[in-house]
Amino acid sequence: MVKLSFRKLILRAALAAAIVGIALFVSVPRDLRESGQWLEGARNVFAYKEWDIPRIISVSDKNNNGISDTDDFIAGGRAEAERAPLYTSNYYRGGYPPDNEGVCTDVIWRAFRDAGYDLKGMVDKDIRINPRAYPRVGGKPDPNIDFRRVPNLNVFFARHAQKLTTEIIPEDADNLALWQGGDIAVFKNPDHIAILSDRRNSRGIPYLLHNDGPFAREGDDFMNWYMRGIVAHYRFPKPQ
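Below you will find a few notes about this structure. (Residues numbered from 1 in each chain as written. Predicted model: local features only at pLDDT ≥ 70, side-chain atom pairs only at ≥ 80, totals over all residues. Heavy atoms only, no water.)

**Re the overall build of the protein**
- Scanning the protein for helices and strands turns up eight helices and eight strands.
- The buried share of the protein, reckoned over its 240 residues, is 42%.
- Of all intrachain contacts in the protein linking residues separated by at least 6 positions in sequence, the fraction that spans at least 24 positions is 59%.
- Put simply, the protein shows about 13200 Å² of open surface, and 55% of that area lies on carbon and sulfur atoms. (Helix = DSSP H or I, 4+ residues; strand = E, 2+ residues; numbered from the N terminus. Buried < 20%, exposed > 50% of the residue type's maximum accessible area, 1.4 Å probe, protein only. Contact = heavy atoms within 4.5 Å. Areas by Shrake-Rupley, 256 points an atom, 1.4 Å probe, with all protein chains shown as cover.)

**As for helix H5 (residues 119-129)**
- Where H5 is concerned, the buried positions are Leu-119, Lys-120, Val-123, Asp-124, Asp-126 and Ile-127. Taken down its axis, H5 places every buried residue within 165° of arc, on the same side. Exposed side chains of H5 directed beyond 90 degrees from the buried face belong to Arg-128 and Ile-129.
- Tucked into the core, H5 has its buried residues touching helix H4 (104-114) and helix H6 (150-160). (Arc of directions from axis to C-beta.)

**Let's talk about the sheet that holds strand S6 (residues 206-210)**
- Strands sit in the order S3-S8-S4-S5-S6-S7 across an open sheet of six strands; the sheet is antiparallel. A strand with exactly one partner marks an edge of an open sheet, and here the two such strands are strand S3 (162-163) and strand S7 (217-219).
- In terms of strand pairing, strand S4 (residues 184-187) meets strand S5 (residues 192-200) through four bridges, oriented antiparallel. Looking across to S5, one finds that Ile-184 is bridged to Ile-195.
- Where helix H3 (residues 69-83) meets the sheet, its contacts fall on S5, S6 and S7, and the angle it forms with S5 comes to roughly 105°.
- The strands touched by H6 within the sheet are S3, S4, S5 and strand S8 (230-235), with S8 carrying the most contacts at an inclination of about 45°. (Pairing = 2+ DSSP bridges. Axes fitted to C-alpha atoms, helices over the stretch in contact; angles between N-to-C directions.)

**With respect to the pairing of S4**
- Both faces of S4 are covered, namely the face carrying Ile-184 and Val-186 and the face carrying Ala-185 and Phe-187.
- Taken together, S4 and the strand that follows it, S5, pair antiparallel across an intervening segment of four residues, in which Asn-189 is found at a positive phi of about 65°.
- Both S4 and S8 contribute to a ladder of four bridges, which runs antiparallel. Opposite Val-186, over in S8, you have Ala-232 as the bridge partner.

**Structural notes on the packing of aromatic side chains**
- A full pass over the atoms with the stated rule returns 17 aromatic pairs.
- For the pair Trp-179 and Phe-222, a centre-to-centre distance of 5.3 Å together with 80° between the ring planes defines the contact as edge-to-face. In this pair, Trp-179 sits in the loop between helix H7 (173-176) and S4 while Phe-222 sits in helix H8 (residues 222-228), placing the two residues 43 residues apart along the sequence.
- Overall, the relative accessible area of 0% leaves Phe-222 in the buried class.
- The ring of Trp-225 is capped by Arg-228, whose NZ or CZ atom sits 4.1 Å from the centre of that ring. (Phe/Tyr/Trp six-rings, centres within 6.5 Å; stacked < 30°, edge-to-face > 60°. Lys NZ or Arg CZ within 6 Å of the ring centre and 35° of its normal.)

**Notes on the pattern of salt bridges**
- What the rule picks out here adds up to 14 salt bridges.
- Among the salt bridges present, the one from Glu-80 reaches Arg-83, with a minimum N-O distance of 2.6 Å. Of the two residues, Glu-80 and Arg-83 are both situated in helix H3; the distance of three residues between them amounts to about one turn of the helix.
- Residue class for Arg-83 comes out partly exposed when judged on its relative accessible area of 38%.
- Linking Glu-80 and Arg-110 is a salt bridge whose minimum nitrogen-to-oxygen distance equals 2.7 Å. Residue Glu-80 is located in helix H3, and its partner Arg-110 is located in helix H4; the two are separated by 30 residues in the primary sequence. Each member of the pair Glu-80 and Arg-110 is classed as buried.
- One network of salt bridges, in which partners are shared, links Arg-78, Asp-198, Arg-199 and Glu-218. (Salt bridge = Lys/Arg side-chain N within 4 Å of Asp/Glu carboxyl O.)

**Overview of the side chain of Ser-68**
- In this fold, Ser-68 is placed in the loop between helix H2 (30-35) and H3.
- For Ser-68, a relative accessible area of 13% translates into the label buried.
- Every residue in contact with Ser-68, bar those within four places of it in the chain, is listed here: Ile-57, Ser-58 and Ser-60.

What follows is the structure, encoded as structure tokens:
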């Protein structure tokens, strides 16, 4: 009886493993399965195809650290992802949330801070000078929150950054070259903003450095947000 029970246990375990394996395989995009790029393993690892897309790097180095603003933005966004602050939407006296809290806009100003920019100061100044350009402010500026609202950042970048295409074509190298690490993408439904990573998935689409909950991260999330609706695509600072 003991031997029979042990056999049944082994068979059930094998059946369960097979079901899980099939489910994981089916969940993998078809193009990855057919190309053999999916690697079986305990962590269900994906081996992503490398894309030979020329990088465009800003000549600006705001903080004079010998690293371009482009790479500083990426490094700053990645540092935020590694800190993984919990998504927490609050109002803070003085404007700045604690390091272990944040929303999508906090990824942006923190990355800009790491590159030597005071994004809060720049946004607050632009609102003071051009209040009518910021409908979300409604004529009543609030430096405690204005720089942490997606619509306000969208207006600021529309005024002070380079506007780029909002169309992305997977596996089209010419189009994908227009989407560079360090760029900023603004989405809707709901309002969301992210920094593009210099890492790409198997179809050449850049990862996002962002926080849409439960915490900040770097992930293959671009198409999920793109399908909800893209508002704008920017590169900062604007080339002279």
